[in-house]
Amino acid sequence: MFKITLPDGSSREVAPGTTPANIAAAIGPGLAKAALAARVNGEVRDIMRPFDGDSDLALITARDEADALELARHDFAHVLAEAVQNLFPGTQITFGPATDDGFYYDFAPKERPFTDEDLPAIEEEMRRVIARDEPLVREVWSRDEVRAFFEKQGEAFKAEWVMELPADETITMYRSGGWMDLCRGPHLASTGKLDPQAFKLTRVSGAYWRGDQKNAMLSRIYGTGWLNKKQLDAHLTRMEEAAKRDHRRIGQEMDLFHLQQEAHGSVFWHPNGFVMWRQLEAYMRRKLDAAGYEEIKTPQLMDVKLWEASGHWGKFRENMFVVPDEVPGTDPDKPVLTGTGDLMALKPMNCPAHVQVFKQGITSYRDLPLRLAEFGTCHRNEPHGALHGIMRVRQFTQDDAHIFCTQEQLVAETKAFCELLDSVYRDLGFADYSVKLALRPQQRVGTEEQWDSAEEGLREALRQTGLMDPRYNFEELPGEGAFYGPKLEFHLTDAIGRTWQCGTLQLDPLMPERLDASYIGEDGSKHRPLMLHRAILGTFERFLGILIEHHAGRFPLWLAPVQAVVATIVSDADPYANEVLETLRKAGIRAEADLRNEKINYKVREHSLAKVPNLLVLGKREAEERTVALRPLGTDARQEVLSLDDLVERLKTEMLAPDLR
RNA sequence: GCCGGGUUAGCUCAGCUGGUAGAGCAACUGAUUUGUAAUCAGUAGGUCGUCCGUUCGAGUCGGACACUCGGCACCA
């Protein structure tokens, strides 16, 4: 007999062969119906899988949403696979897990990859599979049985996969009617537990077998899956809302920037967008000045010799733009370039140039730490498939800086950086961020002692800054560091819960060595400084993209491209409106006037859709009384009538950048 | 780079099986002087991504290339 203990502490004795489903039935028919799976000794298991000893049991129902969703999504993936094999005989199955909002399954198609047009038919077939309500039965097989089975079925990928499972793993197959898949489980008791209206196939894509570019390209089908239709609809609505925040869409609607074919991967900033850039840059410059950084500007084009010395030519060349130092030929019958000039390269990073600045003259230990900052524009030849709006581009500007310091200064410098980063993120509305420490990778340089002290130095700084507090979701990532040193990563969370890695601090003892940077120590002899690569925003392009999506275009006043629009009701107010406009502009407020012969309704609608933060309405009354009716964005009909002086004072205060308040 | 979509007016999109392009919004002109999310009427606007091919004839069919979108891989 096994002793089964329930969450309320009660227990009961059951015979071997008893399943959680039996217990649920014994407790009551309601629970028997609601129970989807079981948590046995902490592990989620099939509800029909017999106990294998004394157990703690908690039955999982739809109320245990995270567990229930995970199970349902995993089942949807199986149903998808079965449906595809029904419709497309000869398609091989490979791998299909649950994801954050649904599931996918990778197939090796027999004839052609799947397209969006295949999805409706597959969805229908999935509903038929669900309607058949086949039990999902767990069976333990031997490795050789599984291999033989799949080889017979022509399932080469599954047959390959089973041979690579760890030797001690229990190999399980799941049977659903006549269909079988190699799967660890757990699953719901039958396909009929799924709500046929709670899923939607969303897209197709290619995906490499086992995630490796060298392997075959499989055809992946993605779906989103939920417990019921209401949840699915809510998710689809969220997706639509997220699409409305897309920076590419808002960039066009608000006339912030554009991209075009002839300069793909580089951004044309329009006046509206560049206003934001200038505000952000000016803000960062003030923060860096105050934090003891010195700003520099270094060359775009440098001789390949320097990139050879820094190591980029060896490790990063495929991502670099190389330019021959040669006068282009003008003879139409001859090639423009002969290829005889020395090679130069556009900088993909700023660090080697910063070391050159450090190396000018003799640096004493008294000069350290030396913090060299640059709003450095870099070019990287990114894979074309990676480009995305202004978030992933080929020309970008970093808020870059390199701190040259001694080993003893490491903790203090890291701590100071974390504090600066924290205050910037708070200022910019990203109080919610997480911190990760990437530790020594397999392939690395330096001694174990150097790594010990580097990693522990960063840990100590985090401890002192309080960033190991659980609210920063601190975690260490073993093996993820750069080959030359450990790395801090800062991931911020935006208004709709997505995370973006922006800030970084990388400890690099190698670059000063390679480029022969040294300082004279207290002992009168030469020493290698430590070098810290660090950025807070990452790049202006990407960070502005994040700000656009975070605020959905409704920017805080200090960033808003147009801060106020003066809109007239009658043309009699035009002269006064021009006067108001001029007063605002003289006060440094970014204002426009809308004197068009349109109704105020029309103007309110248009400027509201344009996300102008303040609408200043002027009619006959305001013109006579020399007042302004202020209608801030999003306040509907509520407005406030102010004197012109009061309005200017108010806007001037409200538009201060966060660090100036 | 890889897989699958897409590229038609400033924007969003329609254009069936090949017969020299169409809507809404925006723009422009006129009327209207209006009080808080679309006043009415009219006008103009496109070598259909580029190149090559098939055809009497190509936005439409075929090929190549470019860009772009969704993923995969990449993000030192």
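Read on for an overview of the structure. If you're wondering where the values come from, they're calculated on a predicted model, not measured in any experiment. (Residues numbered from 1 in each chain as written. Chains lettered and ligands numbered in written order. Predicted model: local features only at pLDDT ≥ 70, side-chain atom pairs only at ≥ 80, totals over all residues. Heavy atoms only, no water.)

## Observations regarding the sheet that holds strand β9 (residues 172-176)
A sheet is described by the order of its strands in space; here three strands give the open sequence β8-β9-β10, paired in antiparallel fashion. Strands at the two margins of the open sheet, each flanked by one partner only, are β8 (136-140) and β10 (179-182). Strand-to-strand, the axes of this sheet are offset by a mean angle of 25 degrees, without reference to chain direction. Bridge analysis of β8 against β9 gives five bridges, and the strand direction is antiparallel. (Pairing = 2+ DSSP bridges. Helix = DSSP H or I, 4+ residues; strand = E, 2+ residues; numbered from the N terminus. Axes fitted to C-alpha atoms, helices over the stretch in contact; angles between N-to-C directions.)

## Quick look at the packing of helix α9 (residues 271-290) against helix α16 (residues 540-551)
Running from N to C, α9 and α16 cross one another at 110 degrees; their axes reach a closest spacing of 11 Å. Considering the angle they form, α9 stands roughly perpendicular to α16. In this structure, α9 uses M276, W277, L280 and E281 to contact α16, whose residues at the interface are F540, E541, F543, L544 and L547. Here the contact of α9 with α16 is composed, by residue class, of seven nonpolar, no polar and two charged. (Parallel < 35°, antiparallel > 145°, perpendicular 65-115°, else oblique. Contact = heavy atoms within 4.5 Å. Nonpolar A, V, L, I, M, F, W, Y, C, P; charged D, E, K, R; others polar.)

## Considering the packing of α9 against helix α13 (residues 410-427)
Two measures define how a pair of helices packs: the angle their axes make with one another and the distance between the axes. Packing of α9 against α13 leaves a shortest axis separation of 11 Å and a crossing angle of 150 degrees. Taken together, the axes of α9 and α13 lie roughly antiparallel to each other. Both α9 and α13 take part in a crossing whose hand is right-handed. Contacts between α9 and α13 involve Y283, M284, K287 and L288 from the former and L420, S423, V424 and D427 from the latter. Classifying every residue of the contact of α9 with α13 gives five nonpolar, one polar and two charged. (Left-handed = near helix turned anticlockwise from the far one by under 90°.)

## Digging into the protein's contact with RNA strand B
Among the 50 residues in the neighbourhood of RNA strand B, the closest are listed as S205, Y208, R380, N597 and Q639. Atoms of RNA strand B within 4 Å of the protein: sugar and phosphate make up 51%, bases the balance. In this structure, S205 approaches RNA strand B through a side-chain N or O atom, which is 2.3 Å from a sugar or linking oxygen. Q213 places a polar side-chain atom, nitrogen or oxygen, 2.5 Å from a sugar or linking oxygen of RNA strand B. Elements that contribute at least two residues to the surface near RNA strand B include exactly β11 (199-208), β12 (217-225), α8 (247-253), α18 (600-609), α19 (620-625) and β31 (627-632). Top element by residues in the surface near RNA strand B is α18. It accounts for seven residues. For the surface near RNA strand B, a count of residues per class yields 19 nonpolar, 18 polar and 13 charged. (Near = heavy atom within 4 Å. Polar contact = N/O pair within 3.5 Å; in protein donor to acceptor, adjacent residues only side chain to side chain.)

## Quick word on the pattern of salt bridges
Counting across every chain of the model gives 52 salt bridges. Taking the shortest distance from any N to any O, the salt bridge between D516 and R528 comes out at 3.0 Å. Of this pair, D516 sits in the loop between α15 (510-514) and β25 (519-520) while R528 is found in the loop between β26 (526-527) and β27 (530-539), placing the two residues 12 residues apart along the sequence. If you follow the salt bridges from partner to partner, you end up with E82, E124, E125, R128 and R132 in one network. (Salt bridge = Lys/Arg side-chain N within 4 Å of Asp/Glu carboxyl O.)

## Section: the packing of aromatic side chains
Within this structure, the stated rule accounts for 23 aromatic pairs. An angle of 20 degrees between the planes, with centres 5.6 Å apart, marks the rings of F76 and F103 as stacked. With F76 in helix α3 (residues 65-87) and F103 in strand β7 (residues 102-108), this residue pair connects regions lying 27 residues apart in the sequence. F103 matches F76 in its accessibility class, with the two residues each being buried. Plain terms: the ring middles of F257 and W269 are 5.6 Å apart, the flat faces sit at 65 degrees to each other, and that makes the pair edge-to-face. Here F257 is found in strand β13 (residues 257-258), whereas its partner W269 is found in strand β14 (residues 268-269), with 12 residues between them in sequence. Both residues of the pair, F257 and W269, count as buried. The lysine or arginine in question, R203, covers the ring of Y222, its NZ or CZ lying 4.9 Å from the ring centre. (Phe/Tyr/Trp six-rings, centres within 6.5 Å; stacked < 30°, edge-to-face > 60°. Buried < 20%, exposed > 50% of the residue type's maximum accessible area, 1.4 Å probe, protein only. Lys NZ or Arg CZ within 6 Å of the ring centre and 35° of its normal.)

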